[in-house]
Amino acid sequence: MKKKLISVLLICAAAIVAFSFSACSGLKSLDVVGKESITSFSALLDAVGDKVTPDDTNGGWSLSAPDDTARFIWSKDYGKSPLHDVMLELDAQPFIGAGLDTSKLPDNIVFYEGDTMGGMGSKMLMVGTKLGNDELKYSGNPTPLASYEQIVSKYRDVISYHAALDHYGVNLGDGNLFEWAKDMSKNDKDIVFVLNPQAFIDAGVNVNAVEGWAFAKVPVDVDGKPAEVDKLLKPFDLK
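In this text the structure is predicted, and so the values were computed from the model without any measurement.

Enquirer: Before we move on, could you go through the overall build of the chain and cite the residues and values that matter?
Expert: Counting secondary structure elements, the chain contains 5 helices and 12 strands. The buried share among the 239 residues of the chain stands at 41%. Considering only intrachain contacts with a sequence separation of at least 6, the fraction spanning at least 24 residues in the chain is 53%. As presented, the chain carries roughly 12800 Å² of accessible surface, and 56% of it is formed by carbon and sulfur atoms.

If you want it as C-alpha cells, here you go:
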C-alpha cells in the first residue's frame, strides 16, 4: 500500500511538472507582440536599407533617421557595450537652441561632442539604458535582426505595442522609446523617436521650440485605462 501511494505521488508530481512546462511553453508561444515585432522590425530594416550600419563605437548597430539627425542604436553584445545597450543618439543643437542647460541633464542623458552624425565638433545627446551584462551568443554571425531578436528573447519586457499608433517599440527607460509601424503600408509614421520631455523641461528647454521635434500629448494605456502623456516626437514617413 505504501509503495502504491508513493507511485501515485510520483506520477502526480511528474504530471504537475509536465503541465507547468507545457503551460510556460504555451505562454511563450502565445507572445504575439514579441513574434510580430520581429517580423515588422525585419521589414523596417529592409525598408531603410543603407541607413542601417554597424556601430563600432557602441558595439552594435545603428538605424539612422532619413535626415541623419537621430539614430536608434542597439548592442550586439551586452557584455561589451561601453555605455547603453539600447539608445538614441540625437543632434543636440535643436535642444540647445531651445534653452538646454547641459549641466542639468539626468544621468541617463549624456551630452558630448563627437563626429558621428554632423561631422567633427557636432554636439550630441545620448539617451538610453543598460539591459544587462550578457555575452550574447549567435548561431551564425551577428546581424542587425539577430541582435534585435536577442532583445525579444532575453528582455521581452522592453518591447511594447502602442495600439493608438499601431507601433511596436523598444523602451529605453524613463519614458523614452524608439517606435516603428507594425505595417508601414498603412501608417504615415513609419519610425518615431520618442522622448520624455520632463528631463528637458527641467534642464531649461522650451519644448515647444525644439526644431524638428513636436511636443504633443500621446494616447496610451495606463493600467488598462486610456490616458494621455506628454512626449517629444520626431516621426518619419519612409515611403
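The rest of the description comes next.
Enquirer: So what's going on with the sheet that holds strand E3 (residues 70-75)? Residues and values would help.
Expert: As summarised here, the arrangement of the 6 strands in space is E1-E2-E3-E4-E6-E5, forming an open sheet in which the pairing is antiparallel. Only two strands of the sheet have a single partner each, and these edge strands are strand E1 (52-55) and strand E5 (109-114). Strand-to-strand twist of the sheet, defined as the mean angle between neighbouring strand axes without regard to direction, takes the value 25 degrees. Direction of pairing for strand E4 (residues 86-91) relative to strand E6 (residues 122-129): antiparallel, over a ladder of 6 bridges. From the neighbouring strand, aspartate 91 faces E6, where its bridge partner is methionine 124. Packed onto the sheet, helix H4 (residues 144-154) meets E1, strand E2 (60-64), E3 and E4 and runs at close to 70 degrees relative to E3.

Enquirer: Could you give me a rundown of the pairing of E6, with the residues and numbers involved?
Expert: Of all 8 residues in E6, 6 are buried, a share of seventy percent or more. Of the strand pairs in this sheet, E5 and E6 are connected by 6 bridges, and their pairing is antiparallel. Within E6, the position partnered with tyrosine 112 by the bridge is methionine 124.

Enquirer: Explain the confidence of the model for the chain to me, and be specific about the residues and the numbers.
Expert: Residues at a pLDDT of 70 or more form 84% of the chain, whose mean pLDDT is 86. Per-element confidence in the chain is highest for helix H5 (residues 198-202), whose mean pLDDT is 98, and lowest for helix H1 (residues 2-29), whose mean pLDDT is 40. Every residue in residues 2-29 scores below 50 in pLDDT, and together they form 1 contact with partners more than four places removed in sequence or on other chains.

Enquirer: Mind laying out the side chain of arginine 71, listing which residues take part and the relevant values?
Expert: Note on placement: arginine 71 falls in strand E3. A polar contact is formed between the side chain of arginine 71 and the side chain of serine 62, at a distance of 3.0 Å. Within the structure, arginine 71 has its side chain in polar contact with the side chain of glutamate 89 (distance 2.8 Å).

Enquirer: How would you sum up the packing of helix H2 (residues 32-48) against H4? Please name residues and give values.
Expert: Running from N to C, H2 and H4 cross one another at 160 degrees; their axes reach a closest spacing of 10 Å. Here H2 is positioned roughly antiparallel relative to H4, judged by the angle of their axes. As H2 packs across H4, the resulting crossing turns out to be right-handed. Across the interface between the two elements, Gly34, Ser37, Ile38, Phe41, Ser42 and Leu45 from H2 touch Pro144, Leu145, Tyr148, Glu149 and Val152 from H4. Split into classes, the residues belonging to the contact of H2 with H4 amount to 7 nonpolar, 3 polar and 1 charged.

Enquirer: Pulling in residues and values, what's your account of unusual backbone geometry?
Expert: In the Ramachandran plot, aspartate 68 falls in the positive-phi region, its phi being about 60 degrees despite a non-glycine side chain. Residue position: aspartate 68 is located in the loop between E2 and E3. The class for aspartate 68 is partly exposed, based on a relative accessible area of 36%. Here the phi dihedral of aspartate 166 falls at roughly 55 degrees; this positive angle occurs in a residue that is not glycine. Among the structural elements, aspartate 166 can be located in the loop between strand E7 (159-162) and strand E8 (167-171).

Enquirer: Kindly report on the layout of surface pockets, identifying the contributing residues and their values.
Expert: What the largest pocket holds in volume is close to 370 Å³. Ser160, His162, Leu177, Glu179 and Val220 are the residues nearest the centre of the largest pocket, which is lined by 22 residues in total. Among the secondary structure elements, those contributing two or more residues to the lining of the largest pocket are E7, strand E9 (177-181), strand E10 (191-195), strand E11 (214-222) and strand E12 (225-236). Considered class by class, the residues forming the lining of the largest pocket number 14 nonpolar, 4 polar and 4 charged.

Enquirer: Before we move on, could you go through the environment of valine 48 and cite the residues and values that matter?
Expert: Inspection of the secondary structure assignment puts valine 48 in helix H2. Those residues within four positions of valine 48 in sequence are excluded, and the remaining contacts are Leu63 and Leu238.

Cut-offs used in this document
Residues numbered from 1 in each chain as written. Predicted model: local features only at pLDDT ≥ 70, side-chain atom pairs only at ≥ 80, totals over all residues. Heavy atoms only, no water. Helix = DSSP H or I, 4+ residues; strand = E, 2+ residues; numbered from the N terminus. Buried < 20%, exposed > 50% of the residue type's maximum accessible area, 1.4 Å probe, protein only. Contact = heavy atoms within 4.5 Å. Areas by Shrake-Rupley, 256 points an atom, 1.4 Å probe, with all protein chains shown as cover. Pairing = 2+ DSSP bridges. Axes fitted to C-alpha atoms, helices over the stretch in contact; angles between N-to-C directions. pLDDT = per-residue confidence, 0-100. Polar contact = N/O pair within 3.5 Å; in protein donor to acceptor, adjacent residues only side chain to side chain. Parallel < 35°, antiparallel > 145°, perpendicular 65-115°, else oblique. Left-handed = near helix turned anticlockwise from the far one by under 90°. Nonpolar A, V, L, I, M, F, W, Y, C, P; charged D, E, K, R; others polar. 1 Å grid on protein atoms, 1.4 Å probe; cavity = no way out; pocket = protein on both sides within 12 Å on 5 of 7 lines; lining within 4 Å. Points joined across faces, edges and corners; volume = space filled by probe spheres on them.

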